[in-house]
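Here is how the chains run, residue by residue.
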Amino acid sequence: MPMIWLARSVLWLLARLPGPAPYRLARRFAGLWMRLSPGKRRVAAINLRACYSKLGDAEIEALVRESFVHYVCSIFETGRNWYWPLDRLQAMCDGDDGIKIFEES
């Protein structure tokens, strides 16, 4: 139970960060997460090599790092999804282009 409380508290604190702060933090923590998750890193590299067979090792490694940045950022943004009111979340969306495309098809 203390771990759940700790996780929820961290997410609550992360939800209070301004604008792009979760993304900036994710850029800093991605390298650490990569070192702590060698299995995820290996699987990401395998999958990216399968999808982008023409890319070199350095390019694949850059994509692996970028995927970890986005993975960590999604974790950091979870607090917003849990604790922000729906209208505040919707205000961050770019618009309803997706709904228009869906309705037209």
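Throughout, a residue's number is its position along its own chain's written sequence, starting from 1. Only residues with pLDDT of 70 or above have their local features reported here, since the model is predicted, and side-chain atom pairs are shown and tallied only from 80 upward, although totals for entire chains, interfaces and linings are computed over all residues. Values reported for side chains reflect all heavy atoms of the structure, with hydrogen atoms and water molecules removed beforehand.

1. Here's the deal with the environment of R28
So the rule is basically this: Each helix corresponds to a stretch of at least 4 residues labelled H or I by DSSP, and each strand to a stretch of at least 2 residues labelled E; elements are numbered beginning at the N terminus.
Take R28: it is sitting in helix α2 (residues 21–36). Each C-alpha atom of the pair R28 and E66 lies 11 Å from the other, and the pair is 38 residues apart in sequence.

2. Let's talk about the packing of helix α3 (residues 38–51) against helix α4 (residues 57–76)
Worth spelling out the cut-off: To get an axis, fit a line to the C-alpha atoms, keeping to the stretch in contact for a helix; angles then go from 0 to 180 degrees between the N-to-C directions. Working definition: roughly parallel below 35 degrees, roughly antiparallel above 145 degrees, roughly perpendicular at 65 to 115 degrees, and oblique for all remaining angles. Crossing handedness: left-handed means the near helix sits turned counterclockwise from the far one by under a right angle, and right-handed means the same turn made clockwise. We call two residues in contact when some of their heavy atoms are within 4.5 Å.
Close contact between α3 and α4 brings their axes to 9 Å; oriented N to C, the two are set at 125 degrees. As the angle between them shows, α3 and α4 are arranged oblique. Relative to α4, the crossing made by α3 is right-handed. For the pair α3 and α4, the contacting residues are K40, R41, A44, A45, L48 and R49 in the first and D57, I60, E61, L63, V64, S67, F68 and Y71 in the second.

3. Notes on the nonpolar core
For clarity, the threshold we go by: What is meant by a nonpolar core is a set of buried Ala, Val, Leu, Ile, Met, Phe, Trp, Tyr and Cys residues, joined one to another through side-chain atoms within 4.5 Å. Note on exposure labels: buried denotes an accessible area under 20% of the residue type's maximum, exposed denotes more than 50%, and partly exposed covers the range between, all computed with a 1.4 Å probe on protein chains only.
Counting 15 residues, the largest nonpolar core has A26, I60, V64, F68 and F76 as the members making the most contacts within it. Contributions of two or more residues to this core are made by α1 (2–15), α2, α3 and α4. It is α4 that provides the largest number of residues to this core, a total of 7 residues. Ignoring sequence-local partners within four residues, the contact set of F68 consists of A30, W33, M34, S37, K40, R41 and A44.

4. Quick word on the pattern of salt bridges
Condition: A pair is scored as a salt bridge if a Lys or Arg side-chain nitrogen falls within 4 Å of a carboxyl oxygen belonging to Asp or Glu.
If you walk through the whole model with that rule in mind, you get 3 salt bridges. With a closest N to O distance of 2.9 Å, E66 and R27 form a salt bridge. In this pair, E66 is assigned in helix α4 and R27 in helix α2, connecting sequence segments 39 residues apart. By relative accessible area, which is 26% here, E66 ends up partly exposed.

5. Remarks on the environment of Y23
The topology assignment puts Y23 in helix α2. Note: C-alpha distance between Y23 and V69 (46 residues apart in sequence) is 7.6 Å. Not counting residues up to four positions away in its chain, the partners in contact with Y23 are E66, V69, H70 and C73.

6. Focus on a nonpolar patch on the surface
Worth spelling out the cut-off: Exposure above 30% relative accessible area and the lack of any salt bridge qualify a residue for a patch; like charges then connect within 9 Å, and the nonpolar side chains Val, Leu, Ile, Met, Phe, Trp and Tyr within 5 Å. Residue-level accessible areas treat just the shown protein chains as cover; the underlying method is Shrake-Rupley with a 1.4 Å probe.
Where nonpolar side chains cluster on the molecular surface, the patch consists of M3, W5, L6 and V10 and spans about 470 Å² of accessible area. Its location among the elements puts V10 in helix α1.

7. Some words on α2
Defined as follows: Here the expected length of a helix is defined as 1.5 Å per residue gap, with one fewer gap than residues. Bending is quantified residue by residue as the angle between axes fitted to the seven-residue window ending at that residue and the seven-residue window starting at it.
Along its 16 residues, α2 runs 22 Å from first to last C-alpha, staying within 8% of the 22 Å computed at 1.5 Å per residue. Along α2, the largest kink reaches about 40 degrees and is centred on F29. Taken as a whole, α2 has its buried residues at A21, P22, A26, A30, G31 and M34. Buried-residue contacts for α2 involve α3, α4 and α5 (78–83).

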